[in-house]
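Reading the structure
Take a look at the letters that make up each chain.
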Amino acid sequence: MTIHNFRNFDYRSSTDFIPNWETKIVDLTALRGIDLFVNYWGVRWMAHPVVSFQFGDSDHVAFSIELRRQVGQEYSTLAGLYKTYGLIYLVGDERDLVRVRTNYRKEDIYLYRTVTKPARARAIFLDYLRSLNDLHKHPAFYNELTSNCTTNVRVHTAATATGEPPPWDWRLLINGYADQMLYERGDLIGQLAFADLRKQALVNEKAKAADDDPDFSRRIRDGVIGF
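These numbers come from a predicted model, not from an experiment.

Reading guide: rules and limits
- Residues numbered from 1 in each chain as written.
- Predicted model: local features only at pLDDT ≥ 70, side-chain atom pairs only at ≥ 80, totals over all residues.
- Heavy atoms only, no water.
- 1 Å grid on protein atoms, 1.4 Å probe; cavity = no way out; pocket = protein on both sides within 12 Å on 5 of 7 lines; lining within 4 Å.
- Points joined across faces, edges and corners; volume = space filled by probe spheres on them.
- Helix = DSSP H or I, 4+ residues; strand = E, 2+ residues; numbered from the N terminus.
- Nonpolar A, V, L, I, M, F, W, Y, C, P; charged D, E, K, R; others polar.
- Expected span 1.5 Å × (residues − 1).
- Buried < 20%, exposed > 50% of the residue type's maximum accessible area, 1.4 Å probe, protein only.
- Contact = heavy atoms within 4.5 Å.
- Pairing = 2+ DSSP bridges.
- Phe/Tyr/Trp six-rings, centres within 6.5 Å; stacked < 30°, edge-to-face > 60°.
- Lys NZ or Arg CZ within 6 Å of the ring centre and 35° of its normal.
- Salt bridge = Lys/Arg side-chain N within 4 Å of Asp/Glu carboxyl O.
- Arc of directions from axis to C-beta.

**Points about the layout of surface pockets**
Taken as a whole, the second largest pocket spans an internal volume of roughly 540 Å³. If you go around the second largest pocket, you meet 28 residues; those closest to its centre are Leu 36, Val 153, Thr 157, Leu 182 and Asp 187. When residues of the lining of the second largest pocket are traced back to their parent elements, those giving at least two are strand 5 (31-40), strand 6 (48-55), helix 3 (118-137), helix 4 (151-156) and helix 5 (178-184). Taken together, the residues of the lining of the second largest pocket break down into 16 nonpolar, six polar and six charged.

**Re helix 3**
Helix length check: helix 3, at 20 residues, gives a terminal C-alpha distance of 29 Å against a target of 28 Å (1.5 Å per residue), a fit within 8%. Residues of helix 3 that are buried include every one of Ala 121, Ile 124, Phe 125, Asp 127, Tyr 128, Leu 129, Ser 131, Leu 132 and Leu 135, and no others. For helix 3, the secondary structure elements touched by its buried residues are strand 1 (2-7), strand 5, strand 6, strand 7 (59-68), strand 8 (86-92) and helix 4.

**Re the pairing of strand 6**
Summarising burial for strand 6: eight of the eight residues are buried, a large majority. Going residue by residue along strand 6, you find His 48, Val 50, Ser 52 and Gln 54 tucked away on one face and Pro 49, Val 51, Phe 53 and Phe 55 tucked away on the opposite face as well. As defined by bridge partners, strand 5 adjoins strand 6 across eight bridges and the pair is classed as antiparallel. Across the sheet, Leu 31 pairs through a bridge with Phe 55, a residue of strand 6. Pairing between strand 6 and strand 7: five bridges, direction antiparallel. Within strand 7, the position partnered with Gln 54 by the bridge is His 60.

**Some details on the packing of aromatic side chains**
According to the stated counting rule, one finds 16 aromatic pairs in the structure shown. Ring centres 5.3 Å apart and planes at 50 degrees place the aromatic pair Tyr 183 and Phe 194 in the tilted group. Note that Tyr 183 is positioned in helix 5 and Phe 194 in helix 6 (residues 194-201), a separation of 11 residues in sequence. Overall, Tyr 183 belongs to the partly exposed group, its relative accessible area being 25%. Judged by relative accessible area, which is 12%, Phe 194 ranks as buried. Grouping aromatic residues by their ring pairs yields a cluster made of Phe 53, Phe 55, Phe 63, Tyr 89, Phe 125 and Tyr 128. The ring of Tyr 177 is capped by Arg 44, whose NZ or CZ atom sits 4.2 Å from the centre of that ring. The lysine or arginine in question, Arg 198, covers the ring of Tyr 110, its NZ or CZ lying 4.1 Å from the ring centre.

**Things to note about the pattern of salt bridges**
By the definition in use, this model includes 18 salt bridges. Of the charged contacts in the structure, one is a salt bridge between Glu 205 and Lys 208, with a shortest N-O distance of 3.7 Å. One end of the pair, Glu 205, and the other, Lys 208, are both in helix 7 (residues 204-210), three residues apart, so they sit about a helical turn from each other. In this structure Lys 208 comes out as partly exposed when scored by relative accessible area, which is 38%. Among the charged side chains, a network of salt bridges with common partners joins Asp 35, Glu 94, Arg 113 and Arg 221.

**Regarding helix 6**
Of the residues making up helix 6, those classed as buried are Phe 194, Leu 197, Arg 198 and Ala 201. On an axial view of helix 6, the arc spanned by its buried residues comes to 95 degrees, and they lie on one face. Counted as exposed and oriented over 90 degrees from the buried face of helix 6: Ala 195 and Lys 199. Against strand 5, strand 9 (108-113) and helix 5 lie the buried residues of helix 6.

The structure is reproduced here in structure tokens:
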């Protein structure tokens, strides 16, 4: 599969960076599984998920589903309920999508390994790519309740034989607790109490130590359960 506009920026600060858009080619037969990053920027009850697909031993393709502001637009939760912001699927390198949050925005990120098997991971990955292509042809609006960073992840998990998304849960909206929901459903690897699993999943210090190392993805996984 060929992915165009694969983001791999180099940062000096959260607002000072060198744009770099690449063409990324991945082999679907090398897809091994799915990892989940949960990003917090202040409060415990709200978060942002970044879904990452592992190819081979150490290659990763990460997706961040976000609202896209136009130049001069300010963010407003209320405005996000209406047709104000565009919906965008950012696909890129973890050294960009994760590192900008841990190292420059100073936000907390937790990393979990999911139990997803390769065949299902491929179906979900292809569903993400279909959405990328569809948004390219037919732009859509972001919506805080119905089409946001977490509800769209839920939709993509329906890319299975049954075609049914997971059951609805209040933690899909109060998504800072979505990792606990996935733990309770048995979707995360780790035979620990959830509090202990979550504690060891924080990767900020590892991300800061790795910084712009090409081996960033491996280094932030060292010692994390499931890898």
